[in-house]
Amino acid sequence: MRVAVFSARPYDEQFLAGANAGAGHELTYLETRLSRETGRLAAGFDAVCVFVNDELDADLLGALRADGLKLVALRAAGFNNVDVVAAQRCGVTVARVPAYSPHAVAEHSLALILTLNRKTHRAFNRIREGNFALEGLLGFDLNGKTVGVVGTGAIGAIGAIGEIVARILLGFGCVVVAHDPCPNRRLLDLGVRYASIPELLPLCDIVTLHCPLTPATHRMIDASAIGRMKPGVMLINTSRGAVVDTIAVIHGLKSGPIGSLGLDVYEEESALFFEDRSERFIDDDVFARLLTFPNVLVTGHQAFFTQEALTSIADTTIANITAFERTGRAIHEVRVEPVTDAS
Ligand code: NAD
């Protein structure tokens, strides 16, 4: 198939080329993000291969369909950036990579927790400057602390990120309290207790988010949720930026109760992440404000970025495209029920 690969970075090209070696699809790599403004670049391709910050709304999907588009192959698990209902309506198949080394994201979440707690990022700089003082580096034992894991993977599903985070935290001696509309039997068997968000928040020394971005989770961590949190709580988000209300979180950092914040995702990240902007100023004042806090650690959506994950993403993406070419069905199709207006 003729595939336009958007938001393509050298590492995407390397791993996709490897996976495509036996499949023989014609891949055209485009560094640009796919959006209404750049949609014309996809004209004439059978498929587009897209990442988390490419935006495919109903208008763009309709226009691309008219130009011959048949398949949107996501190189990601989340699909909140594609209007799947509109795609279904106009006959474009959407496929994704449902699971690819969830260990990558889980382990990065732990990296954020451990770094924020023991301040190894600050220690690194201090030691290089010959400053061996310990003031300001005080942490706490993870052993015995209560951690809230939001989103743990459905019964029967294998390898949800939240489940792996919970297992690692249990290994540290933490008490894990979870929230998920569908509790995970394996975690229940390990003694994890499930609670509603209002019940969970006041209990936790650390809250870590692993749910998808849906209408129900959009800004789930807002001012009212933050108001329920334990003083000094550490908040970690490696799921999707819009699951937290960033302005409310900034307020929570300034006046309590948030003691530290670790983010791998940010609501407006599409204007910032995945590019070297070191020669420019940051014109997102909310993001710039976040960077002024010493107790905030931001990484640029790199939680997935391991060799194992990139290999798995490339293999599954190419398998989706190949299956679609041969049978008209991708292996991991995304289908959603259209929302009907009950009024
Ligand atoms: P998953 O679908 O396996 O598990 C998500 C869980 O969230 C499910 O059990 C689901 O029931 C639960 N959930 C749904 N609505 C919820 C709600 N309102 N409250 C609590 N839980 C809810 O997904 P996953 O593979 O574990 O990925 C989790 C999220 O991590 C993804 O949706 C994606 O947004 C994010 N992610 C981030 C990166 C990164 O690099 N930072 C990489 C991959 C995935």
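Scroll up to find the structure this text is about.
A quick note: this is a predicted structure, and the numbers were derived from the prediction, not measured.

Draft legend 1. Structural context of the sheet that holds strand β9 (residues 206-209). Taken in spatial order, the 7 strands make up an open sheet running β8-β7-β6-β9-β10-β11-β12, and their pairing is parallel. Only two strands of the sheet have a single neighbouring strand rather than two, namely β8 (193-194) and β12 (296-298). Where β9 and strand β10 (residues 233-237) come together, 4 bridges link them in parallel fashion. Pairing of V207 across the sheet is with L235, part of β10. Across the sheet, helix α6 (residues 161-171) lies against β6 (146-150), β7 (175-179) and β9, angled at about 170° from β6, the strand it touches most. Its contacts with the sheet place helix α10 (residues 246-255) against β10, β11 (258-263) and β12, and it is angled at close to 140° to β11.

Draft legend 2. Representation of helix α1 (residues 10-20) within the structure. Listed as buried for α1 are D12, F15, L16, A19 and N20. Considered in projection along α1, the buried side chains sweep an arc of 130° and stay on one side of the axis. Set apart from the buried face of α1 by more than 90 degrees, the exposed residues are P10 and Q14. Against β1 (2-5), β2 (26-29) and α12 (307-327) lie the buried residues of α1.

Draft legend 3. A look at the packing of aromatic side chains. Counted by the stated rule, this structure contains 6 aromatic pairs. Relative to F287, the ring of F273 has its centre 6.1 Å away and its plane inclined at 75°; by these criteria the two rings are edge-to-face. Taken as a pair, F273 in the loop between β11 and α11 (285-290) and F287 in helix α11 lie far apart in primary sequence, 14 residues in all. Each member of the pair, F273 as well as F287, carries the same accessibility label: buried. These aromatic residues form a ring-pair network of at least three members: Y11, F51, F274, F304 and F305.

Draft legend 4. Just helix α2 (residues 58-66), in detail. Restricting attention to buried positions, one finds in α2 the residues L60, L61 and L64. All buried residues of α2 project into a common sector of 100° when viewed along the axis, lining one side. Facing away from the buried side of α2 by more than 90 degrees, the exposed set consists of D59 and A66. In this structure, the buried residues of α2 make contact with β4 (71-74) and α3 (84-90). Once α2 ends, the next one or two residues include G68, with phi positive near 110°.

Draft legend 5. The sheet that holds strand β5 (residues 93-95), seen in detail. Read across the sheet, 5 strands follow the order β2-β1-β3-β4-β5 without closing on themselves; strand pairing throughout is parallel. Looking along the sheet, the strands with just one partner apiece sit at the ends: β2 and β5. Across this sheet, the average inter-strand angle for adjacent strands is 20°, counted without regard to direction. The strands that α1 touches are β1 and β2; relative to β2, the one it contacts most, it runs at about 175°. Its contacts with the sheet put α12 on β1, β2, β3 (47-50), β4 and β5, and the angle it makes with β4 is roughly 160°.

Draft legend 6. Region of the structure containing the pairing of β1. In this sheet, β2 lies alongside β1 in parallel orientation, the contact comprising 4 bridges. Opposite V5, over in β2, you have Y29 as the bridge partner. Taking the sense of rotation as the criterion, the β-α-β connection linking β1, α1 and β2 turns out right-handed. Here β1 pairs with β3 via 3 bridges, running parallel. Residue A4 lies in a different strand from β3, and its bridge partner there is V48.

Draft legend 7. Spotlight on the side chain of D46. On the secondary structure map, D46 appears in the loop between β2 and β3. The exposure class assigned to D46 is buried, which follows from its relative accessible area of 19%. Only 2.9 Å separates the side chain of D46 from the backbone nitrogen of R2, close enough to count as a polar contact. Those residues in contact with D46 that lie beyond four places of it in its chain are M1, R2, G68, L69, K70 and L71.

Rules of the game
Residues numbered from 1 in each chain as written. Predicted model: local features only at pLDDT ≥ 70, side-chain atom pairs only at ≥ 80, totals over all residues. Heavy atoms only, no water. Pairing = 2+ DSSP bridges. Helix = DSSP H or I, 4+ residues; strand = E, 2+ residues; numbered from the N terminus. Contact = heavy atoms within 4.5 Å. Axes fitted to C-alpha atoms, helices over the stretch in contact; angles between N-to-C directions. Buried < 20%, exposed > 50% of the residue type's maximum accessible area, 1.4 Å probe, protein only. Arc of directions from axis to C-beta. Phe/Tyr/Trp six-rings, centres within 6.5 Å; stacked < 30°, edge-to-face > 60°. Right-handed = clockwise from strand over helix to strand, strands pointing away. Polar contact = N/O pair within 3.5 Å; in protein donor to acceptor, adjacent residues only side chain to side chain.

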